[in-house]
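Each chain is listed here by its residues.
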Amino acid sequence: MLLRSKGSLLIAGALLLSMASSAQEVKFTEYDLDNGLHVILHQDHTAPVVAVSVMYHVGSKNETPGLTGFAHFFEHLLFEGSENIKRGEFMKIVSAGGGQNNANTTQDRTFYYEVFPSNQLKLGLWLESERMMHPVINQIGVNTQREVVKEEKRMRVDNRPYGHLMEDVFKNLFTKHPYHWQTIGSMDDINRAKLSEFQDFFKKFYTPGNAVLSISGDLNIDSTKALISSYFGPIANGPKVVQPSIKEDPITHQIIDTAYDANIQVPALLTAYRTPAENSKDAVALQMISSILSGGASSRLYKELVDDKKTALEVASFNYALEDYGAYLVLAIPNGATPLDSLLQAFDTNIKELQTNLISEKDYQKILNQAEMDFVNKSNTSLGVAEALAAGYTFFNKNTNHINEELQEIRSVTREQIRDVARKYLNPNQRLILYYLPKAK
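Engineer: Lay out the packing of aromatic side chains in plain terms, naming residues and giving numbers.
Structural biologist: For the structure shown, the criterion picks out 20 aromatic pairs. Relative to Phe201, the ring of Phe70 lies with its centre 5.3 Å away and its plane at 70°, an arrangement referred to as edge-to-face. Here the residue Phe70 occupies a position in helix 2 (residues 70-77), and Phe201 occupies one in helix 8 (residues 195-205), the gap between them amounting to 131 residues. You'll find Phe70 and Phe201 in the same group, each marked buried. Ring centres of Phe73 and Phe198 lie 4.7 Å apart, and the angle between their planes is 25°; on these two criteria the pair is classed as stacked.

Engineer: Summarise the pairing of strand 3 (residues 49-56); cite the residues concerned and give the values.
Structural biologist: Across the eight residues of strand 3, seven count as buried, placing the element largely inside the fold. Bridging between strand 3 and strand 5 (residues 110-117) involves eight bridges; their strand directions are antiparallel. Within strand 5, the position partnered with Met55 by the bridge is Phe111. Summarising the sheet, strand 3 and strand 6 (residues 211-217) pair through seven bridges and their orientation is antiparallel. Each bridged residue has a counterpart across the sheet, and for Val50 the counterpart in strand 6 is Gly217.

Engineer: Break down helix 6 (residues 165-173) for me, with residues and values.
Structural biologist: An α-helical segment advances 3.6 residues per turn. Residues three or four places apart therefore align on the same side. Listing the buried residues of helix 6 in full gives Leu165, Asp168, Val169, Phe170, Asn172 and Leu173. Those residues of helix 6 that are buried are in contact with strand 7 (255-261), strand 8 (268-275), strand 9 (312-321), strand 10 (326-334) and strand 11 (431-438).

Engineer: So, the sheet that holds strand 8: which residues are in play, and what are the values?
Structural biologist: The sheet built from five strands is open, its strands ordered 7-11-8-10-9 with mixed pairing. Of all strands in the sheet, those with a lone pairing partner are strand 7 and strand 9, marking the two edges. Within this sheet the neighbouring strands show an average axis-to-axis angle of 15°, counted without direction. As judged from the seven bridges shared by strand 8 and strand 10, these two strands associate in the antiparallel manner. Residue Thr271 lies in a different strand from strand 10, and its bridge partner there is Val330.

Engineer: Can you explain the side chain of Ser382? Please cite residues and give values.
Structural biologist: Within the element layout of this structure, Ser382 appears in helix 14 (residues 382-395). Sequence-distant contacts of Ser382, defined by excluding residues within four places in its chain, comprise Val49, Ala51, Ser216 and Gly217.

Engineer: Tell me about the pairing of strand 10, and name the residues and values.
Structural biologist: Taking burial as the measure, the nine residues of strand 10 include eight buried ones, the bulk of the element. With nine bridges connecting them, strand 9 and strand 10 associate as antiparallel partners. Bridge pairing in strand 10 links Ser317 to Val330.

Engineer: Go over the pattern of salt bridges with me, naming the residues and quoting the values.
Structural biologist: All told, the structure shown has 25 salt bridges when counted by the stated rule. Across the salt bridge formed by Glu323 and Lys61, the nearest N and O atoms sit 2.5 Å from each other. Taken together, the positions of Glu323 in the loop between strand 9 and strand 10 and Lys61 in the loop between strand 3 and helix 2 put the pair 262 residues apart, joining distant regions of the chain. In this structure, Glu406 and Lys378 form a salt bridge, with 2.7 Å as the shortest nitrogen-oxygen distance. Residue Glu406 is found in helix 15 (residues 402-412), and its partner Lys378 is found in helix 13 (residues 361-378); the two are separated by 28 residues along the sequence.

Engineer: An account of the sheet that holds strand 1 (residues 29-32) is needed here, citing residue identities and associated values.
Structural biologist: The six strands are arranged 1-2-6-3-5-4 in an open sheet whose pairing can be described as mixed. Edge positions in the sheet fall to strand 1 and strand 4 (100-105), since each has one partner strand and no second. Strand after strand, the sheet turns through a mean of 15° between neighbouring axes, direction not considered.

Engineer: Quick one: what's the story with the environment of Pro161, residue by residue and with numbers?
Structural biologist: Structurally, Pro161 can be placed in the loop between helix 5 (139-158) and helix 6. With relative accessibility at 44%, the residue Pro161 sits in the partly exposed group. Considering only alpha carbons, one finds Pro161 and Gln265, 104 residues apart in sequence, at a separation of 8.8 Å. Apart from residues lying up to four places away in sequence, Pro161 is in contact with Asp261, Asn263 and Ile264.

Engineer: Let's hear about helix 11 (residues 300-308): which residues, and what values?
Structural biologist: When helix 11 is considered as a whole, its buried residues turn out to be Leu301, Leu305 and Val306. Seen end-on, helix 11 carries its buried residues on one side only, within an arc spanning 85°. On its buried face, helix 11 sits against helix 10 (281-294), strand 9, strand 10 and helix 12 (340-356). Just downstream of helix 11, Lys310 is the residue with a positive phi angle, here 55°.

Engineer: Mind laying out the nonpolar core, listing which residues take part and the relevant values?
Structural biologist: Residues Phe74, Tyr206, Leu213, Ile215, Ile228 and Phe232 are the most contacted members of the largest nonpolar core, which totals 50 residues. Residues in contact with Phe232, not counting those within four places in the same chain, are Leu33, Asn35, Leu37, Leu125, Glu128, Ser129, Met132 and Leu213. Formed by 41 residues, the second largest nonpolar core is a distinct cluster that contains Met288, Ile289, Val330 and Ala422.

Thresholds applied
Residues numbered from 1 in each chain as written. Predicted model: local features only at pLDDT ≥ 70, side-chain atom pairs only at ≥ 80, totals over all residues. Heavy atoms only, no water. Phe/Tyr/Trp six-rings, centres within 6.5 Å; stacked < 30°, edge-to-face > 60°. Helix = DSSP H or I, 4+ residues; strand = E, 2+ residues; numbered from the N terminus. Buried < 20%, exposed > 50% of the residue type's maximum accessible area, 1.4 Å probe, protein only. Pairing = 2+ DSSP bridges. Contact = heavy atoms within 4.5 Å. Axes fitted to C-alpha atoms, helices over the stretch in contact; angles between N-to-C directions. Salt bridge = Lys/Arg side-chain N within 4 Å of Asp/Glu carboxyl O. Arc of directions from axis to C-beta. Core = buried A, V, L, I, M, F, W, Y, C linked by side-chain atoms within 4.5 Å.

Put into structure tokens, the structure is as follows:
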């Protein structure tokens, strides 16, 4: 039930902050199998459920021009079946075991998971070992998933309002790095790709040494280790995966671009700045800046443009942090005939204020509270813990314990650091201005 009164909101906030303050350390066991698979186990008997997940360190940045979209394609393809799972049976087996499953892909990794009643842990391990050991990658599956991915692109990108917005942002911010293209890739590339190229991509990236098996929930550590050894131990490792190391030249002059979208009637204005990798402390400060600018009805841009002046229908800002770089975005959709450049002026005025003056202690405490509540919310499920543990190892210099350090990282950001980070990254000569306009039909 939505808490509407001011008093109720304060109580809810206090409860969440209490949870954050008293958050217990997430204890875990981690080790490597002989084949290179990194294993992380977290035991939590709070509820009789268990999350089984595998994070492969492969995303769209591991692709090459002309063969884009492969990582996302494999998110679908590896549900086709295996030598021991008939085609189309994977989901049925999960459902019959009382579980749920899914997968998702980013520029940097692909994440598969099942959440089962804890007495089905063995089933989850078997399913993921089958996916890793000997999936069936044949022409039937490739042809089927080509059509699935095409339909997804039509639905989520081509026919969706503002669907190409991020594509236009990233192709401007990145000219050398593979972040230049979107995770879903090019349908022309997927159509042209040969079966052998898909098979080669699997052999290269979906190996034990390029994966983290992270399990969280109602489990017994010793018996789980034995099961993991049985199911994953026999899988042969592949060649060592070398992640791309591509440096972009600094952006030193403002980039102005215009894009057109036939699916919209209302334009959008967006500014974007290239920012540091997600494991940088500056990335934490940038996300806190987002809370100041657009985190809720009392945030600066929302209050000014949506509530007071009513010149915008919506505003948003966030730090899109990735393994190698990030992108800091500020977006507004105008109300009526509001000139887009007037919204740009408001962006600039508010960012300049952050660069010039320290935020108040009251505002600082508010955004600190928001950051702590966000941390609590994403860490309160077995799946959330499993993913955070795997991400710590994969993206924070093999620091699985990052899950226990993140809250302190948030609390250690000072008002001075917020000002200095705004000065360092959010300058006009370092940005893209994108006018995203309706296209005449």
